[in-house]
Amino acid sequence: MKYTIACFMAFLVAGEVLAQNKSEVALTAKINNILRKMTLEEKIQMLHGNALFSSAGVPRFGIPELTCDDGPLGVREEIKRFDWASANWTTDSATFLPNGSAIAATWNPAMAHKYGVVIGEEANARQKNIMLAPAFNICRMPLCGRTYEYYSEDPYLNSQLAIQSVKGIQSQHVAACIKHFAANNQELNRDSVNTIVDERALREIYFPAFKAAVQQGNAYTVMSAYNKLNGYWCSENDFLLNKVLKNEWGFKGAVMSDWSGVHHTVAAANNGLDIEMGSSGPYDQWYFAKPLLAAVKSGQVSVKTIDDKVRRILWLIYHTSMSSNHSTGSIATPAHAKAAYDIASESIVLLKNDAHLLPLKVNNIRSIAVIGDNAVRRFALGGYGAGVKAQHEITALEGIKSRFGKTASVTFAQGYKANYLANNTDAQNAGYDQPDQMLIDQAVALAKTTDIAILCIGSNREFESEGHDRKNLKLPFGEQELVNAVSAANPNTIIVIMAGAPYDLNQIKKSNHTIVWSWFNGSEAGNALADVLKGIVNPSGRLPFTFPVSLGDSPATALNTYPGNNMTADYKEGILVGYRWYDTKNIDPLYCFGYGLSYTNFTYSDLVTNKKVYKRGDKITVSLKVKNTGAVAGKEVVQFYISKLNSTVLRPGKELKAFKKIMIAPGQTAPVLINIAINDLAYFNDKLKNWMIEPGQYKILAAASSRDIRQTATFNIK
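Here the structure is a predicted model, which is why all the values come from computation and not from measurement.

Here we come to the sheet that holds strand β23 (residues 669–677). Spatially, β18-β20-β23 is the arrangement adopted by the three strands of the open sheet, whose pairing is antiparallel. Edge strands, defined here as strands with exactly one partner in the open sheet, are β18 (602–609) and β23. Taking each pair of neighbouring strands and ignoring which way they run, the sheet shows an average axis angle of 20°. Strand direction decides the pairing type here: β18 and strand β20 (residues 619–628), joined by six bridges, are antiparallel. Residue pairing for β20: F602 is matched across the bridge by N628.

As structure tokens, this is what we get:
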């Protein structure tokens, strides 16, 4: 019977593949037929923007414009066709989705897929063919202004999330535009810096998520980064766009520039860029407009090269706006709000609960002081970069009132002023980091009168912003002074930090017993936070990046490679990014990669591999038992790291190679079964330009975080 079912399933799969192949063959023929009839001028018009967020179609063949929009937090409000001013629509309110590092903190690819589906459905409702998301550059150093927008410091975690984000978006016949390719890891001097990265680091750290999004997610578009990579602008980088992306990885779609990220006509055209986008006209003067037409006529760029670009764009259009069964989409629906809530509630990280104050025991609480500007701040908009005109956004104060207001009085004090604007000069922002004593005094007076104080601090979308990096890890707005004063006034103070990147929490970790990390967590942020505080949700978020004790511990700072000298940033740390650096150099972090607490406890046992000796091409089947030894159900993120023992080449102390998030009822034991491909344990040999699997002994580590190893087992590779 099993054999019959297996044969039937194989027949169905083979039939589906055959049908897809026939469909692609037919599409190729259709595209080639159109290409033969197009004029050179019509082709060139398709290769550059004709407005802020669109490029031309071919009306006489019924080929529509390509339309795109930001972005990573949701579909941005409609702007005017030719400038950044609001179009003043009343129908463009959208769902604000949790930021990238929040999605990464869920350690749950299913949440990334939910995010993608919402993005795709809302893009369709707004008739957008391409969404400029997801963004998942590696978090190389903690000060980057777009860390909140990206995922994590680990290529494997990034890959698993990127695949599902892309699949979710494109399930709605909307193109995902994965960005920014590649090695765009700082905002300071982003449009001029030359990043020097050895090929091993590119292959092992900076490329994997892009490769996975292309080969496993089938991403339709890729955005080239602003920076130079090893001496060549990313928008005209033959190694990056032609050799690796298109030839080696088999990318079928179109490469588009970041806005105004093109520098030359011939070099960009010949080295892999397909669409030039930008922020202002005259559009016919852009590099890929009249200058490109002239370059083709003079023989500097071949017609064959132009045809390849147009063919890719037509392929993209036939998979999006001209695809069959194209959905009309939906926007800001209750289902989308529920998806935003699900992501947010799984992203929140419990950093400390030494007094077991959480979850709050409602029957014993009659009064709650909610303190801090972030308790009433909305994060959908702000800073330089894409935001969302959110249909609604529940603040922390609103969420806490809705969950606790029936049994306790909930009162508010501002505590600090967030006097900082991303577009201001340093002089205009001067004094932003100074405490406001009057507001602190008011907060202290309130905290003294209540059973519980919930102190909402951290950052905001002005302070963490595209276009600039932070100058240090210090908490802004004089928040530390506020924390000290309120904690002294009320022994039952809960610190809630809302931010998208690491900060200096040394003093808070030392002095405060209860710390919760939230994010720029979307339309349902306040409800998700309140449900975690109340215990309706058992926190299961885990940190997607390392929090250093000091900035000097971070590799880019330790090696003096940030922001770079003479507009050159030499990535001297190579493959030792994030926890790989801290582990290999034996540097203790403040909070390690993968860290997060729960309201219950888990024990690990019986880690075994299916064999003791493997060869190239094999798969390791790893089994483990995880028991919930506490009194409440909870989700555990089981992390599997691999360590090469006695390596003859530089290897990190450990590398994440698998993870699984599982819900376990109290007192129950759950089996965990995962596969790790031996080929995924290879390192890239710079000299031979090839992946090598080093023979010898390896260790597999089953862990609750990169520093909390629960079980180990060894195996060998022949």
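Turning our eyes to something else, we now look at the sheet that holds strand β17 (residues 568–570). Read from one edge to the other, the open sheet built from four strands follows the order β9-β8-β6-β17, with strand pairing classed as mixed. On the outer flanks of this sheet lie β9 (232–233) and β17, each paired with one strand and no other. Across two bridges, strand β8 (residues 228–229) lies against β9 in antiparallel orientation. Among the inter-strand pairings, L229 is bridged to a residue of β9, identified as Y232.

This part is about the nonpolar core. In this structure, F181 and M256 are the most contacted members of the largest nonpolar core, which totals 115 residues. Ranked by residues supplied to this core, first place goes to helix α11 (residues 303–319) with eight residues. F181 has contacts with F207, F210, V222, M223, S224, A225, C234, L240, L241, L245 and W249, leaving out every residue within four places of it along the chain. Of all hydrophobic cores here, the second largest spans 49 residues; its members include A135, L143, V349 and W517.

So, on to the side chain of T493. Among the structural elements, T493 can be located in strand β15 (residues 493–498). Note on T493: relative accessible area 2%, which makes it buried. Separated by 2.7 Å, the side chain of T493 and the backbone oxygen of N490 make a polar contact.

Turning our attention to the pattern of salt bridges. Applying the stated criterion to the full structure yields 45 salt bridges. Among the salt bridges present, the one from K246 reaches D274, with a minimum N-O distance of 3.0 Å. Of this pair, K246 sits in helix α8 (residues 238–248) while D274 sits in the loop between α9 (266–270) and α10 (290–297), and the two are 28 residues apart along the sequence. We classify D274 as buried; its relative accessible area is 0%.

Next up on the list: the packing of aromatic side chains. Per the stated rule, a full pass over the model turns up 35 aromatic pairs. The interplanar angle of 85° and the centroid separation of 5.6 Å between the aromatic rings of F53 and W84 together place this pair among those described as edge-to-face. On the criterion of sequence distance, the pair formed by F53 in the loop between β1 (49–51) and β2 (54–55) and W84 in the loop between β3 (66–69) and α3 (100–105) is long-range, its members being 31 residues apart. Here F53 falls in the buried class, since its relative accessible area comes to 11%.

About the cut-offs
- Residues numbered from 1 in each chain as written.
- Predicted model: local features only at pLDDT ≥ 70, side-chain atom pairs only at ≥ 80, totals over all residues.
- Heavy atoms only, no water.
- Pairing = 2+ DSSP bridges.
- Helix = DSSP H or I, 4+ residues; strand = E, 2+ residues; numbered from the N terminus.
- Axes fitted to C-alpha atoms, helices over the stretch in contact; angles between N-to-C directions.
- Core = buried A, V, L, I, M, F, W, Y, C linked by side-chain atoms within 4.5 Å.
- Buried < 20%, exposed > 50% of the residue type's maximum accessible area, 1.4 Å probe, protein only.
- Contact = heavy atoms within 4.5 Å.
- Polar contact = N/O pair within 3.5 Å; in protein donor to acceptor, adjacent residues only side chain to side chain.
- Salt bridge = Lys/Arg side-chain N within 4 Å of Asp/Glu carboxyl O.
- Phe/Tyr/Trp six-rings, centres within 6.5 Å; stacked < 30°, edge-to-face > 60°.

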